[in-house]
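Listed here are the chains, written in short residue letters.
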Amino acid sequence: LAIIAGGADSSLSSTTQVYDFAQFNLLAAPPSLPRPPMSMPLVGTVGLLIDANGGTYYDFSQDAGSDVTPPAGYAFADVAGGQTIYDAKDGYVFVVGATRTTGAPTAAVLKIDTNDTSNSSYVTGNLSWLTLSSTRLGASAAWVDTRGLVVAGGDAMAAGVEILANGQTTGTPLAYPPDPSSGAGMTPLDDQQFVLLAGGTTPAGAD
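None of these values were measured; they are calculated from a predicted model.

Cut-offs used in this document
- Residues numbered from 1 in each chain as written.
- Predicted model: local features only at pLDDT ≥ 70, side-chain atom pairs only at ≥ 80, totals over all residues.
- Heavy atoms only, no water.
- Pairing = 2+ DSSP bridges.
- Helix = DSSP H or I, 4+ residues; strand = E, 2+ residues; numbered from the N terminus.
- Salt bridge = Lys/Arg side-chain N within 4 Å of Asp/Glu carboxyl O.
- Buried < 20%, exposed > 50% of the residue type's maximum accessible area, 1.4 Å probe, protein only.
- 1 Å grid on protein atoms, 1.4 Å probe; cavity = no way out; pocket = protein on both sides within 12 Å on 5 of 7 lines; lining within 4 Å.
- Points joined across faces, edges and corners; volume = space filled by probe spheres on them.
- Nonpolar A, V, L, I, M, F, W, Y, C, P; charged D, E, K, R; others polar.
- Core = buried A, V, L, I, M, F, W, Y, C linked by side-chain atoms within 4.5 Å.
- Contact = heavy atoms within 4.5 Å.

Draft legend 1. Representation of the sheet that holds strand 5 (residues 46-51). In spatial order, the strands read 4-5-6-7; together these four strands make up an open sheet with antiparallel pairing. Either end of the sheet is taken by a strand with one partner, and the two such strands are strand 4 (42-43) and strand 7 (64-68). Examined bridge by bridge, strand 5 and strand 6 (residues 54-59) share six bridges and lie antiparallel to one another. Across the sheet, Val46 pairs through a bridge with Asp59, a residue of strand 6.

Draft legend 2. Layout of the pattern of salt bridges. For the coordinates displayed, the defined rule picks out three salt bridges. Its salt-bridge partner being Asp51, residue Arg35 comes within 2.9 Å of it at the nearest N-O pair. In this pair, Arg35 is assigned in the loop between strand 3 (25-26) and strand 4 and Asp51 in strand 5, connecting sequence segments 16 residues apart. When its relative accessible area of 12% is taken as the criterion, Arg35 is described as buried. Note that Arg35 is salt-bridged to Asp67, the shortest N-O span being 3.5 Å. Of this pair, Arg35 sits in the loop between strand 3 and strand 4 while Asp67 sits in strand 7, placing them 32 residues apart in sequence. Through salt bridges that share partners, Arg35, Asp51 and Asp67 make up one connected network.

Draft legend 3. Structural view of the pairing of strand 10 (residues 106-113). A large share of strand 10 lies buried, amounting to eight of its eight residues. Taken together, the five bridges between strand 9 (residues 92-96) and strand 10 define a ladder with antiparallel strand orientation. Across the sheet, Val95 pairs through a bridge with Leu110, a residue of strand 10. Strand direction decides the pairing type here: strand 10 and strand 11 (residues 126-136), joined by seven bridges, are antiparallel. Across the sheet, the residue bridging to Val109 is Leu130, located in strand 11.

Draft legend 4. View of empty space enclosed by the protein. Using the criterion set out here, one finds two cavities of 30 Å³ or more in the structure. Lining of the largest cavity is provided by Phe94, Lys111, Leu130, Trp143, Leu149, Leu164, Ala165, Asn166, Gly167 and Gln168. Of the residues assigned to the lining of the largest cavity, the class counts are six nonpolar, three polar and one charged. Space inside the second largest cavity adds up to approximately 30 Å³. Lining the second largest cavity are Gly138, Ala139, Ser140, Ala152, Gly153, Gly154, Asp179, Ser181, Ser182, Gly183, Ala184 and Leu197. At three residues, strand 16 (residues 182-188) tops the list of elements feeding residues into the lining of the second largest cavity. Considering only residue class, the lining of the second largest cavity consists of four nonpolar, seven polar and one charged.

Draft legend 5. Region of the structure containing the sheet that holds strand 15 (residues 172-173). Taken together, four strands build an open sheet; the order of strands is 12-13-14-15 and the sheet is antiparallel. Both outer strands of the open sheet, strand 12 (140-144) and strand 15, are each paired with one neighbouring strand and no more. Where strand 14 (residues 161-164) meets strand 15, two bridges bridge the pair, whose relative direction is antiparallel. From the neighbouring strand, Glu162 faces strand 15, where its bridge partner is Pro173.

Draft legend 6. Molecular detail of the nonpolar core. Core analysis: the biggest nonpolar cluster contains 16 residues, and Leu48, Ile50, Tyr57, Phe76, Val79, Leu110 and Leu127 have the highest contact counts within it. Those elements giving two or more residues to this core turn out to be strand 5, strand 9, strand 10 and strand 11. With residues near it in sequence (within four places) discarded, Leu127 still touches Tyr57, Pro71, Phe76, Leu110, Lys111, Ile112 and Tyr122. Grouped together as the second largest cluster of nonpolar side chains are 15 residues, Phe94, Val96, Ala139 and Ala141 included.

Draft legend 7. Representation of unusual backbone geometry in the model. Even without being a glycine, Asp63 presents a positive backbone phi close to 55 degrees. Position of Asp63 relative to the elements: it lies in the loop between strand 6 and strand 7.

Draft legend 8. Examining the environment of Phe76 more closely. Considering the arrangement of structural elements, one finds Phe76 in the loop between strand 7 and strand 8 (83-87). According to the relative accessible area criterion, Phe76 is buried, its value standing at 2%. Residues Phe76 and Asp113 lie 37 residues apart in sequence; the distance between their C-alpha atoms is 16 Å. Not counting chain neighbours up to four residues away, the residues in contact with Phe76 comprise Leu48, Ile50, Asp51, Gly54, Gly55, Val68, Thr69, Pro70, Leu110, Leu127 and Trp129.

Take a look at the structure:
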């Protein structure tokens with residue numbers, strides 16, 4: 001399934017468009033969500049709907065939702081609007097608050113361990129918080145199998161790049177000059193030794 005939800009228009013943000021690849025068509029009667037998501041990590045058919053006020057699990061296959069309490073350390077608001085990054089190899093999912101382009105800079109990263117089902121409150125896998133070495137806004141991020149979660153840009157004073165390696169709870173800054181750009185895209189290259197960073201704007205609004 002491909003799911004479109006949320007957005008800035010409050011009259012539409014609870015509605016969805018769901019594309020079923022099995023039928024190659026949009027669902028005729030897509031569901032309305034109990035919480036308009038600013039971020040929505042998906043594990044199977046269950047999405048964690050995150051906004052500035054909290055989080056809700058929503059099962060698209062059952063059309064049912066339930067609110068969830070975050071682990072201690074940060075609030076869901078600290079990552080709301082952040083990009084979801086998937087580590088398909090190890091089964092981790094990250095919501096990187098620093099990639100959001102509006103709101104306050106943040107260092108919070110929500111980690112979902114889909115292999116850890118020890119906490120029944122977290123139906124898609126255990127939740128925990130990770131922390132970047134600096135607060136950022138408009139950063140870019142990607143998962144690189146050989147290194148971990150790579151985050152770049154979004155701060156005029158911090159190191160231009162930092163890495164949250166597998167098993168780390170705090171980011172490690174690398175020796176790159178500060179990069180204040182916002183909204184760039186990042187993707188790992190095939191050899192998993194390099195990432196391509198492109199786009200974004202300067203604080204003055206230039207490309």
